[in-house]
Amino acid sequence: MKCVKSCLWLTVLYLLLAAPASAQESKVGFVNPQRIINESRIGKIAQEDLAGLGKEKDRRVRDALAKVNKLQESLKEDALSVSEQQSRENALRTTVRDYERLVENSNLEIQAEERRLIQFVMRHADSILRTIARERGFTMILTDPEIIGYVDGSMDITDRVIKELNALI
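Calculation notes
- Residues numbered from 1 in each chain as written.
- Predicted model: local features only at pLDDT ≥ 70, side-chain atom pairs only at ≥ 80, totals over all residues.
- Heavy atoms only, no water.
- Axes fitted to C-alpha atoms, helices over the stretch in contact; angles between N-to-C directions.
- Helix = DSSP H or I, 4+ residues; strand = E, 2+ residues; numbered from the N terminus.
- Parallel < 35°, antiparallel > 145°, perpendicular 65-115°, else oblique.
- Left-handed = near helix turned anticlockwise from the far one by under 90°.
- Contact = heavy atoms within 4.5 Å.
- Expected span 1.5 Å × (residues − 1).
- Buried < 20%, exposed > 50% of the residue type's maximum accessible area, 1.4 Å probe, protein only.
- Core = buried A, V, L, I, M, F, W, Y, C linked by side-chain atoms within 4.5 Å.

Observations concerning the packing of helix α4 (residues 82-136) against helix α5 (residues 158-168)
- Orientation of α4 relative to α5, taken along the N-to-C sense of each, is 130°, at an axis distance of 10 Å. On the basis of the axis angle, α4 is oblique to α5. Crossing geometry of α4 relative to α5 is assigned as right-handed. Counted together, His-124, Ala-125, Ile-128, Leu-129, Ile-132, Glu-135 and Arg-136 of α4 and Arg-160, Val-161, Glu-164, Leu-165 and Leu-168 of α5 form the full contact between these two elements.

Focus: helix α3 (residues 41-75)
- Compared with the 51 Å implied by 1.5 Å per residue over 35 residues, the 51 Å span of α3 between its first and last C-alpha is a close match.
- Among all positions of α3, only Ile-42, Gly-43, Ala-46, Leu-50, Lys-57, Val-61, Ala-64, Val-68, Leu-71, Ser-74 and Leu-75 are buried.
- Among the structural elements, α2 (33-39), α4 and α5 are those in contact with the buried residues of α3.

Focus on the nonpolar core
- Grouped together as the largest cluster of nonpolar side chains are 19 residues, with contacts concentrated most on Val-31, Ile-36, Val-121, Ile-132, Ile-157, Val-161 and Leu-165.
- Mapped by element, the contributors of at least two residues to this core are α2, α3, α4 and α5.
- Here the element with the most residues in this core is α4; it accounts for 8 residues.
- With residues up to four places along the chain from it excluded, the contact list for Val-161 reads Val-31, Ile-36, Ala-125, Ile-128, Leu-129 and Ile-132.
- Listed in part, the 7 residues of the second largest apolar core include Val-61, Ala-64, Leu-75 and Tyr-99.

All we've got here are geometric facts, nothing functional implied.
Next comes the structure, spelled out in structure tokens:
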């Protein structure tokens, strides 16, 4: 019985000493990555690169579509033999398939490049985020504005991150 009382007292004492340690205040910061991409110099450069890739992909898609349209027009000619008609229809099917594949691959490549550019910009911002977190005592910095209902303006560090990123370039 004496052992049980001693254990009980030790448990209570442990809980009393542990409570202040677990009650440390947590601070959470917030940064909006889309604003960093849109407003920082490095983000704008990344967007220009992505736009250039998009224009090149668009040009290729338009060229492939023009080829499809040209083949469709050639099928409307009246004086075609049956074998020539079938040959052009086969060529059209192949060209349409190639066009659709080109569109799909172009979209996938642009999406992949967009992800790479966002990661590139955010890697540059990462050291800045770590510095700000240490300075302001943040235990975490959130980056997804879609899952956050409200952010106190004093916790939003996006402007400072943009300013410091711009100072790097």
